[in-house]
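# Descriptive structure summary
If you want the building blocks of each chain, they are given just below.
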Amino acid sequence: MTADIHEGTPEEIPAQNPAADASGSPENARAGFVALIGEPNAGKSTLTNRLVGAKVSIVTHKVQTTRARIRGVAIEGPAQIVLVDTPGLFRPRRRLDRAMVAAAWSGASDADIVVLLIEAHRGLTEGVQAILDTLSERMQAGHPVVLAINKIDRVKAEVLLALAEKLNAAFPFAETFMISAEKGHGVDKLRSWLGTNLPPGHWLYPEDQIADLPMRMIAAEMTREKCTLRLHQELPYELTVETESWEERKDGSVRIDQLIYVARDGHKGIVLGHKGETIKGISQAARVEIAEFLGRPVHLFLQVKVRTNWLEEAERYSEMGLDFKDGN
C-alpha cells in the first residue's frame, strides 16, 4: 500500500515553543533522533541546515563532503528533532570510505526515524536500490522509514508521481514527501510529520542548542568546506582540518588556530597557492563564516602540514567523529 504523498509548498515559519515545564521541556514534549541517509550529494546537509534554520553541516557542490555524523537540533512545537546528517552511502574502497559508510548505517540503526533522501532527477539508481536492499536487511519491522524526494523543481509532476509509486513499491515507506531542501518547498510538512511521530519524552538538549558537536569541530568543518570549494576536485578527499587551539579573549573575540593536513607534498603547494593567495582566501572565507556563526569577532590562523599517512591514523578519525576500527 502506497503511503501518503506530501507535495512541496513554500516553507512556513516553524511553530514557537509552548511553555516549558520544570525540566526545560514543554508540555506533551516529544524528542528523538532522525537519521538522514542517501547517496552522496543527495542534499542531506542542505536539508539538515534547512530544518535547523542555521548552518551546522557543510554544503558544497562536490560529493561526499560530510564525514562525521553531525547532529542538528530542530524544534517543531513541543517536539525536539535531533538530526543525524550521515555521510553519503556509496561503495567504499579505502579505510576512510569504509569508516564513513559504517557511521552512516550506525546512525540509521540508532535513530527513531530514518529519512531516505533521493534526487528526483536521478530517480531509482543502482546506489538507491542498494540502500533499499540494505534497509530491508537492517531495519526491523515497524521501524519508520520516510522517503523524501529532493530537488523536485528539476522534473515534471507526472515524473515525480511515477517515481514515488515505483519507490513505494520497492520499500514500505511510512510516508513520502516531495521537497526542495535548497528552496524550502515541502520542508515544513516533513518537519511537522517528524515532530508528530517522535516518541514522547523530555527534550535531549537545551532549547537554544542547535548542534551537539563541539565548536572546535564545527569550526574545522567550516574551514574544510572552504578548502573543498576552493581546491581541485581530487584534493578534498586527501585533506582534513583540525582545530589545534581555541583562545577566548577579554574583548569577546576568539583566536582559533587550525591545521590543514594533506597527504602529499604537492598538495601543500596547491593549498597555499601562488604567494599564499589560496590559503589567504580560504582563511578569509572561513573566518567570516565562523564569526557569523558565533556572533562575535574571530581571529583565524591556518597552517598546512603534510602527513603522508593521516588516512591510516586513528587520531585523525577520532577528530572527524569516526571510528578507526570501522575502516577495517
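Residues numbered from 1 in each chain as written. Predicted model: local features only at pLDDT ≥ 70, side-chain atom pairs only at ≥ 80, totals over all residues. Heavy atoms only, no water.

Right, let's talk about the overall build of the protein for a bit. When its secondary structure is counted, the protein shows nine helices and 10 strands. Going through the 328 residues of the protein one by one, you find that 52% of them count as buried. Taking the intrachain contacts of the protein between residues at least 6 apart in sequence as the baseline, contacts between residues at least 24 apart amount to 74%. (Helix = DSSP H or I, 4+ residues; strand = E, 2+ residues; numbered from the N terminus. Buried < 20%, exposed > 50% of the residue type's maximum accessible area, 1.4 Å probe, protein only. Contact = heavy atoms within 4.5 Å.)

Among the nonpolar cores identified, the biggest contains 23 residues, and Leu239, Ile256, Ile260, Val271, Ile290, Val298 and Leu300 are the most heavily contacted of them. Every element with two or more residues in this core is listed here: α6 (215-230), β8 (239-248), β9 (254-262), α8 (277-294) and β10 (298-306). When neighbours within four sequence positions are excluded, Leu300 is seen to be in contact with Thr223, Ile256, Gln258, Ser283, Ala286, Arg287 and Ile290. (Core = buried A, V, L, I, M, F, W, Y, C linked by side-chain atoms within 4.5 Å.)

Our next topic: the sheet that holds β10. The sheet built from three strands is open, its strands ordered β8-β9-β10 with mixed pairing. Whereas interior strands pair on both sides, the edge strands pair on one side only; in this sheet they are β8 and β10. Between one strand axis and the next, the sheet turns through 20 degrees on average, direction left out of account. In terms of strand pairing, β9 meets β10 through nine bridges, oriented parallel. Bridging from a neighbouring strand, Tyr261 pairs with Lys305 of β10. (Pairing = 2+ DSSP bridges. Axes fitted to C-alpha atoms, helices over the stretch in contact; angles between N-to-C directions.)

Okay, the pairing of β9 next. Burial analysis of β9 places eight of its nine residues in the buried class, the great majority of the element. The turn linking β8 back onto β9 is made up of five residues, and Gly252 within it adopts a positive phi angle of 95 degrees.

A few words now on the side chain of Glu76. Among the secondary structure elements, Glu76 is positioned in strand β3 (residues 70-76). Classification of Glu76 as buried rests on a relative accessible area of 15%. A polar contact is formed between the side chain of Glu76 and the side chain of Arg191, at a distance of 3.2 Å. (Polar contact = N/O pair within 3.5 Å; in protein donor to acceptor, adjacent residues only side chain to side chain.)

With that settled, consider the pattern of salt bridges. Applying the stated criterion to the full structure yields 10 salt bridges. For Asp153, the salt bridge identified is with Lys183, shortest N-O distance 3.3 Å. In this pair, Asp153 sits in the loop between β6 (145-150) and α4 (157-170) while Lys183 sits in the loop between β7 (176-178) and α5 (187-197), placing the two residues 30 residues apart along the sequence. Exposure remark for Asp153: the relative accessible area of 45% places this residue in the partly exposed category. Its salt-bridge partner being Glu221, residue Arg224 comes within 3.1 Å of it at the nearest N-O pair. On the criterion of helical spacing, the pair formed by Arg224 and Glu221 is a turn pair, its members being three residues apart in helix α6. Judged by its relative accessible area of 10%, Glu221 is buried. Taken together, the shared-partner salt bridges connect Glu39, Glu119, Arg122 and Lys151 into one network. (Salt bridge = Lys/Arg side-chain N within 4 Å of Asp/Glu carboxyl O.)

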